[in-house]
Amino acid sequence: MSDKVVLAYSGGLDTSVAVQWIKEKYKLDVIALTIDVGNERDFSAVRQKALKVGAVKALVIDAKELFVKYFAFPALQADALYEGQYPLATALSRPLMAKLMVDTALAEGATAIAHGCTGKGNDQVRFDVSVNALAPDLKIIAPAREWGMTREETIAYAQEHNIPVPITVSSPYSIDECLWGRAIECGVLEDPWVEPPDDVFTWTNSPAQAPDKPQYVEIGFEKGIPVTLDGQKLDGVSLIEQLNELAGKHGVGRIDHIEDRLVGIKSREIYEAPAAMVLIQAHQALEAMTLSKDQLRFKQKVAVECADLVYNGLWFSQLNRDLSAYVLSSQRYVSGTVRLKLFKGSSSVVGRKSLHSLYNLSLATYDKGDQFDQSASVGFIHLWGLPVKIQAQVQLLGDKEGPLSIMGTKEPEEG
Ligand code: ARG
């Protein structure tokens with residue numbers, strides 16, 4: 001009996017070829033593991049295909065709930081957006097996949113795990129770092145990083161070995177999907193000047209084709225977790241699925257990002273993430289109402305840290321644990337409802353309410369009932385501006401160019 005390897009199997013060309021390639025090169029029995037994180041696939045067909053192309057065993061794990069509970073929603077609570085744009089869909093799914101691959105490898109007595117990542121992307125980093133953290137004794141095989149075949153050579157290899165080449169190979173795009181979003185790269189998208197053609201989008205209508213009437217949606221949060229959609233209580237997976245559908249119909253959630261990969265490459269990435277973008281927007285609106293200014297300022301810095309850490313494959317670090325504890329603690333009063341308006345590619349927050357709201361009408365109003373003591377502002381401004389006033393008297397007003405240079409307009413020299 002040969003040793004075994006657990007391969008993360010998608011059913012696509014690369015991982016199908018990998019089954020055969022690993023058998024030849026490493027003389028290992030391949031256990032194909034397909035993980036459902038909300039990628040729209042026919043998983044029984046994927047399973048059958050794994051066996052057909054030579055896997056000794058093919059497993060499918062439905063990991064949607066785990067993904068939402070431990071990855072997507074914590075990232076939402078953190079408001080994590082990589083470089084301010086990308087809600088980290090793929091990046092969040094990788095550590096979960098790594099964990100399930102490791103669990104499967106240990107349960108099956110395998111000595112190695114394998115994945116279909118190339119040597120140019122972030123996903124190889126996320127898988128390798130996570131597997132090494134969880135099970136340092138498992139060997140990692142990355143066929144597409146090792147085999148050095150071009151796309152054409154991979155197809156030729158498949159044909160030689162009777163591996164069915166899916167028609168979708170004619171699609172020039174590399175696509176990855178999970179509940180938190182869909183990533184599309186390659187093909188014409190590699191030219192950053194070219195507008196993404198319509199055929200890259202499958203989750204979102206083009207805004208021009210979106211309904212001519214706006215639609216309102218209300219999202220209810222409890223401690224930073226979305227729990228209702230238009231008043232209806234939903235589990236996380238259903239809520240995200242329904243919101244993907246709804247916001248996608250209105251063309252919301254398209255992202256065109258020149259992104260900095262960890263391996264030093266800038267790449268052009270297109271994403272569709274209707275639910276993730278609407279939820280982050282709504283969550284931020286509720287935080288604006290329930291967190292203090294200082295909490296908001298500090299949390300924005302934490303959000304950048306969280307996003308970088310997830311993007312860079314460091315999910316299983318203790319820093320992640322520490323930051324998560326902070327984020328969780330910050331969500332104690334982030335409960336309430338946000339109303340958004342979806343219309344032709346845009347989503348706007350048009351209402352929010354919370355029992356823990358720090359918005360105080362009697363302080364904010366310009367109408368009757370104003371309780372704000374305007375006379376107190378005079379003393380406050382006196383002290384607030386004191387250092388500026390003193391410094392101006394000593395340093396600014398005496399200096400001929402001072403006031404102007406602060407405005408950035410230096411008179412041209414004569415001569
Ligand atoms: N650039 C994104 C990331 O690094 C998406 C990667 C998509 N992966 C893929 N195999 N198409 O998270």
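Here the structure is a predicted model, which means the values were calculated and not measured.

1. Focus: the environment of His-115
Counting through the fold element by element, His-115 comes out in the loop between strand E4 (112-114) and helix H5 (123-134). Residue classification places His-115 among the buried positions, given a relative accessible area of 0%. Considering only alpha carbons, one finds His-115 and Pro-403, 288 residues apart in sequence, at a separation of 62 Å. Every residue in contact with His-115, bar those within four places of it in the chain, is listed here: Leu-7, Met-101, Gln-124, Phe-127, Asp-128, Ile-140, Ile-141, Ala-142 and Pro-143. Separated by 3.2 Å, the side chain of His-115 and the backbone nitrogen of Cys-117 make a polar contact.

2. Topic: the site of the ligand
In the vicinity of the ligand there are 14 residues, among which Tyr-86, Asn-122, Arg-126, Ser-174 and Glu-259 approach most closely. At 3.3 Å, a side-chain N or O of Asp-123 approaches a nitrogen atom of the ligand. In the model, a nitrogen atom of the ligand is placed 3.0 Å from a nitrogen or oxygen of the Glu-185 side chain. Breaking the shell around the ligand down by element, the ones donating at least two residues are helix H4 (89-108), H5, strand E6 (174-178), strand E7 (181-185) and strand E12 (266-272). Looking at side-chain class alone, the shell around the ligand contains five nonpolar, three polar and six charged residues.

3. Thoughts on the state of the cysteines
Throughout this description, disulfide means a covalent bond between two cysteine sulfur atoms. One pass over the full model with this rule turns up zero disulfides. In this structure Cys-117 is not part of a disulfide, and its nearest cysteine sulfur, from Cys-186, lies 13 Å away. You can see Cys-178 has no disulfide; the closest cysteine sulfur is in Cys-117, sitting 14 Å from it. A relative accessible area of 0% means that Cys-178 is categorised as buried.

4. Points about the sheet that holds strand E8 (residues 215-222)
Backbone-to-backbone hydrogen bonds pair the strands of a sheet. The strands run either parallel or antiparallel. Across the sheet, which stays open at both edges, the five strands sit in the order E10-E9-E8-E13-E14 with antiparallel pairing between neighbours. This sheet does not close on itself; its edge strands, each paired only once, are strand E10 (232-233) and strand E14 (346-353). Bridge count for strand E9 (residues 225-229) against E10 is two bridges, and the pairing is antiparallel. The partner of Thr-228 across the bridge, within E10, is Lys-233. In the packing of helix H8 (residues 236-249) onto the sheet, the strands contacted are E8, E9, E10 and strand E13 (336-343), and the crossing angle to E9 comes to about 70°.

5. A look at the sheet that holds E6
Sheet architecture is open: four strands sit in the order E6-E7-E12-E11, paired in antiparallel fashion. Looking along the sheet, the strands with just one partner apiece sit at the ends: E6 and strand E11 (254-260). Along the sheet, successive strands turn relative to each other by an average axial angle of 25°, direction set aside. By the bridge criterion, seven bridges tie E11 to E12 in an arrangement that is antiparallel. Directly across from Glu-259, in E12, lies its bridge partner Ser-267.

6. Focus on a negative patch on the surface
Together, Glu-40, Glu-65, Asp-235, Glu-241 and Glu-245 make up a region of like negative charge exposed at the surface. Relative to the assigned elements, Asp-235 resides in the loop between E10 and H8.

7. Side note on H5
For H5, spanning twelve residues, the distance from its first C-alpha to its last is 16 Å, which sits close to the expected 16 Å at 1.5 Å a residue. Among the residues of H5, those classed as buried are Asp-123, Gln-124, Val-125, Arg-126, Phe-127, Asp-128, Ser-130 and Val-131. Considering only its buried residues, H5 is in contact with H4, E4, strand E5 (139-141), helix H6 (143-146) and helix H10 (293-311).

8. A word on the layout of surface pockets
If you add up the space inside the second largest pocket, you get close to 770 Å³. Of all the secondary-structure elements, those providing two or more residues to the lining of the second largest pocket are helix H3 (64-78), E9, H8, H10 and helix H11 (318-330). Sorting elements by how many residues they give to the lining of the second largest pocket places H3 first, with eleven residues. Of the residues that constitute the lining of the second largest pocket, the class distribution is 24 nonpolar, six polar and four charged.

Procedures and definitions
Residues numbered from 1 in each chain as written. Predicted model: local features only at pLDDT ≥ 70, side-chain atom pairs only at ≥ 80, totals over all residues. Heavy atoms only, no water. Helix = DSSP H or I, 4+ residues; strand = E, 2+ residues; numbered from the N terminus. Buried < 20%, exposed > 50% of the residue type's maximum accessible area, 1.4 Å probe, protein only. Contact = heavy atoms within 4.5 Å. Polar contact = N/O pair within 3.5 Å; in protein donor to acceptor, adjacent residues only side chain to side chain. Near = heavy atom within 4 Å. Nonpolar A, V, L, I, M, F, W, Y, C, P; charged D, E, K, R; others polar. Disulfide = S-S within 2.5 Å. Pairing = 2+ DSSP bridges. Axes fitted to C-alpha atoms, helices over the stretch in contact; angles between N-to-C directions. Patch = residues over 30% accessible without salt bridge, like charges linked within 9 Å, V, L, I, M, F, W, Y side chains within 5 Å. Areas by Shrake-Rupley, 256 points an atom, 1.4 Å probe, with all protein chains shown as cover. Salt bridge = Lys/Arg side-chain N within 4 Å of Asp/Glu carboxyl O. Lys, Arg positive; Asp, Glu negative; His and termini not counted. Charge placed at Lys NZ, Arg CZ, Asp CG, Glu CD. Expected span 1.5 Å × (residues − 1). 1 Å grid on protein atoms, 1.4 Å probe; cavity = no way out; pocket = protein on both sides within 12 Å on 5 of 7 lines; lining within 4 Å. Points joined across faces, edges and corners; volume = space filled by probe spheres on them.

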